[in-house]
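Structural overview
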Amino acid sequence: MDTIDETVLRCLRTHLRKNRQEQVIDMTVDLGEYGLDSMRVIDLLMALEGEFKVVFPDDMLRQDVFETGTTLSNAIREFMAR
Amino acid sequence: MTGNQTAPESLLAVAEGISTEVLARWAGSVDRENRFPTESVEAIRAARLLGYFIPRRLGGIDGDMATYCRIAATLGSECLSSAMIWVMHAHQVAVIVDHGNATHEEYLADIAAHGKLLASVTSEYGGGGDVLRAESPLLQEGAQFRLTRKAPVVSYGEQAGYYLITMRAGPDRPGHDARLVLVSAAQPGCTVAGGWHPMGLKGTRSIPMQFDLLVDPGRIVGSSFRQAVLMTLAPAAHIGWSAAWFGAANGVFNRFINLLRKSHSPRLGSESFLRQLARLRVSLDLTRAMLDQVTLHYDQLRKQQASFEHYEDLTFNIASGNLKIAASESLFNVVNELVELAGMHLGYLENDELGLERVFRDLRSASLMYSNERLLLSNGRLLLVESSDIKNVWLK
């Protein structure tokens, strides 16, 4: 787990209501299962952009990117390497 | 009704007749006695307006949103409780029409034929009033589901023939994975759990209820709760409520002017008074313009049978939320200013001819139901990403 993974995980813990700090988030589980809905995804996006000091382009706003913690981390890693 | 009688102008004439002859007559006693507007709803039922959104082949009127607005405003001008009951019933029915399947048609036909009321059960204790989420889960029991739920507020719960109940899809499902379940009030297990002692809108009799019953899977309406909310429930509610509120404020404004003219009030010669009246009319006209604009757009989407993507459009959702926020705030402000202008005798004291203090109390609820605070928060989030492709994340 690298820094990007850890940052993503921290943002997920903050923005998924039923998974507070003490609870485990499986990075491979569909984020919808953790209660990520249309409003929380915006909060999550703003938090991630704040953490990484970037504005994600539209090509990153896809369902397959926001599917799990891992897909999100991978997309951010790819984007940061651009 | 024949086709001709369901033309918009005929429907409006019917609504105007009911409003002036029945709603106006009973609005005061409904409020004083804190009771359901039996006479007014019976008149609405007799005019077959409870089948408003139901297709004609099932005995309904198959009406559009523009006329729904005008009827809501007409009814609201004399009795806001009755107008809100009609609006809430009509848009819940629209959800079944838009998202139900062939197995739900018998219920729609029953509503159209017998004028049964359909009540919405969305509120939950501690749920925070978020219409897009549910807490209480459906529990599988053999081939059926057990539905156990308390609801703090069910408008006309005692008078309803059917309930459309929001439930979480299952105990292991997140809150946004919800289902709408159609329940008949005749089924045992629907219990009134308290009274209704509000500031206003007394006729809506929005009582607490408890439900504990078994339902067949066929009673679940629609496959996507999110689609039902974004395509029908939210826009039809915002438009209908705003229209009823507009009618209430506009109605009392016009009654006030008529009263001043009838009594040859010396204030009609006061330039500052005329400016104050005109200022209120600016607010009324602004709200009506916003209402017409959102309704026109929504009607166009419906008539074009637009795909779900169009209803997910952020700008459309912000506009529909803004209509509710603006109407609830500005129309209450108009009536509040009117109390000031009318003074202690006509404005503050009970007066059946004008009904101003009743409309003031009734309209105070507008910002609270489907709370403006929540709507502002969701609009605040949406506008941050309005120009982005965030919709692509939502497509599931």
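Just so you know, these numbers come straight off a predicted model, no measurement behind them. (Residues numbered from 1 in each chain as written. Chains lettered and ligands numbered in written order. Predicted model: local features only at pLDDT ≥ 70, side-chain atom pairs only at ≥ 80, totals over all residues. Heavy atoms only, no water.)

Some thoughts on the overall build of chain A
As a reminder, the rule being used: Secondary structure counts use DSSP, requiring at least four H or I residues in a row for a helix and at least two E residues in a row for a strand, with both numbered from the N terminus. In this setup the radius of gyration rests on C-alpha atoms only. A globule is expected at 2.2 Å times the number of residues raised to 0.38. Only protein chains enter the calculation, and the probe is 1.4 Å; a residue is then buried if its accessible area is under 20% of its type maximum, exposed if over 50%, and partly exposed in between. Throughout, a contact is declared for two residues whenever any of their heavy atoms are within 4.5 Å. Under the convention used here, a 1.4 Å probe and the Shrake-Rupley method define accessible areas, while residue burial counts only the protein chains that appear. Charged residues are defined narrowly, with Lys and Arg counted positive, Asp and Glu counted negative, and His plus the chain ends left uncounted. For charged residues, the charge sits on one atom: NZ in Lys, CZ in Arg, CG in Asp, CD in Glu.
For chain A, the count of helices and strands is 3 helices and 0 strands. Taken against the 2.2 N^0.38 rule, which gives 12 Å for 82 residues, the C-alpha radius of gyration of chain A at 12 Å falls within 12% of a compact globule. Taken along its principal axes, the extent of the C-alpha atoms in chain A is 35 × 25 × 20 Å. When burial is assessed residue by residue, chain A has 49% of its 82 residues classed as buried. Looking at chain A alone, contacts between residues at least 24 apart form 54% of all its contacts between residues at least 6 apart. Total accessible area computed for chain A in this model is approximately 4,100 Å², and 52% of it derives from carbon and sulfur atoms. Here chain A carries 10 positive and 16 negative side-chain charges, and the mean point of each set is 6 Å from the other.

Quick word on the nonpolar core
For clarity, the threshold we go by: Definition of nonpolar core: a set of buried residues of the types Ala, Val, Leu, Ile, Met, Phe, Trp, Tyr and Cys, connected through side-chain atoms within 4.5 Å.
Ranked by size, the top nonpolar core spans 103 residues in total, and within it Y68, W86, L147, Y163, W245, F256 and L363 of chain B carry the most contacts. The leading source of residues in this core is helix α6 (residues 225-262) of chain B, at 17 residues. Leave out the neighbours within four places in its chain, and W86 of chain B touches I44, L49, L50, Y52, Y68, I71, A72 and L75 of chain B. Listed in part, the 35 residues of the second largest apolar core include F52, V54 and M60 of chain A together with V393 of chain B.

Regarding the sheet that holds strand β8 (residues 220-221) of chain B
All names here are of chain B. Rules: Only strands joined by at least two bridges in the DSSP assignment are considered to pair. With axes taken as lines fitted to C-alpha atoms, and helix axes fitted only over the stretch in contact, angles between N-to-C directions fall between 0 and 180 degrees.
As summarised here, the arrangement of the 4 strands in space is β1-β4-β5-β8, forming an open sheet in which the pairing is mixed. Looking along the sheet, the strands with just one partner apiece sit at the ends: β1 (118-121) and β8. With respect to the sheet, helix α4 (residues 80-99) is in contact with β1, β4 (162-168), β5 (178-184) and β8, its orientation differing from that of β1 by roughly 85°.

What to know about the environment of I165 of chain B
All names here are of chain B. Among the secondary structure elements, I165 is positioned in strand β4. Residues I165 and R149, 16 residues apart in the sequence, show an inter-C-alpha distance of 9.2 Å. When sequence neighbours within four positions are dropped, the list of residues in contact with I165 reads V121, L147, R149, R179, L180, V181, V183 and F211.

Some thoughts on the sheet that holds strand β7 (residues 207-215) of chain B
Residues and elements named next belong to chain B. Spatially, 4 strands are ordered β2-β3-β7-β6 in an open sheet, and the strand pairing comes out antiparallel. Sheet topology places β2 (138-141) and β6 (190-192) at the edges, where each strand pairs with a single neighbour. Strand after strand, the sheet turns through a mean of 15° between neighbouring axes, direction not considered.

A closer look at α4 of chain B
This is how it is decided: Under the convention used throughout, the expected extent of a helix is 1.5 Å for every residue step, that is, one less than its residue count.
Helix length check: α4 of chain B (20 residues) gives 28 Å between terminal C-alpha atoms against 28 Å at 1.5 Å per residue, within 8%. Most of α4 of chain B sits out of view: 18 of its 20 residues are buried.

Some remarks on the interface of chain A and chain B
Just so we agree on the cut-off: When two parts are brought into contact, each loses some accessible area as probed by a 1.4 Å sphere; the total of that loss over both is the buried area. Any carboxyl oxygen of Asp or Glu that lies within 4 Å of a side-chain nitrogen of Lys or Arg is treated as forming a salt bridge with it. N or O atoms within 3.5 Å of each other form a polar contact, as long as, within protein, one can give a hydrogen and the other can take it, and as long as residues adjacent in sequence are counted only when both atoms are side-chain atoms.
Each partner contributes to the interface: chain A provides 21 residues, whereas chain B provides 21 residues. Summed over both sides, the interface of chain A with chain B buries roughly 1,900 Å², with 57% coming from carbon and sulfur. Scanning the region where chain A abuts chain B turns up 3 salt bridges. Among the ionic pairs, R173 of chain B bridges to E33 of chain A, the shortest N-O distance being 2.8 Å. Across the chain A-chain B interface, the total number found is 6 residue pairs in polar contact (both at pLDDT 80 or more).

Quick word on the confidence of the model for chain A
If pLDDT is low for a region, its predicted coordinates should not be looked at in detail. Just so we agree on the cut-off: Along the chain, pLDDT gives the predictor's confidence residue by residue, from 0 to 100.
Per-residue confidence for chain A gives a mean pLDDT of 89, with 91% of residues at or over 70. The weakest mean pLDDT in chain A belongs to helix α1 (residues 3-15) of chain A at 92; the strongest belongs to helix α3 (residues 69-80) of chain A at 95.

Some remarks on the pattern of salt bridges
Residue and element names in this part refer to chain B. This model, assessed by the stated rule, comprises 32 salt bridges over all chains. For R205, the salt bridge identified is with E158, shortest N-O distance 3.6 Å. Placement of the pair is R205 in the loop between β6 and β7 and E158 in the loop between β3 (144-154) and β4, with a sequence separation of 47 residues.

Some remarks on unusual backbone geometry
All names here are of chain B. One non-glycine residue, L201, adopts positive backbone phi at about 50°. Among the secondary structure elements, L201 is positioned in the loop between β6 and β7. The backbone phi angle of Y370 is positive, close to 50°, even though this residue is not glycine. Looking at where Y370 falls in the secondary structure, it is placed in the loop between α10 (356-363) and α11 (372-384).

Overview of the side chain of H99 of chain B
Residue and element names in this part refer to chain B. Tracing the chain through its elements places H99 in helix α4. At a separation of 2.8 Å, a polar atom in the side chain of H99 contacts the side chain of T232. Residues contacting H99, with those up to four places away along its chain left out, are V221, G222, Q227, A228, M231 and T232.

As for the environment of C11 of chain A
Residue and element names in this part refer to chain A. In this fold, C11 is placed in helix α1. By relative accessible area, C11 is classed as buried at 4%. As for C11 and E33, which are separated by 22 residues in sequence, their C-alpha atoms are 16 Å apart.

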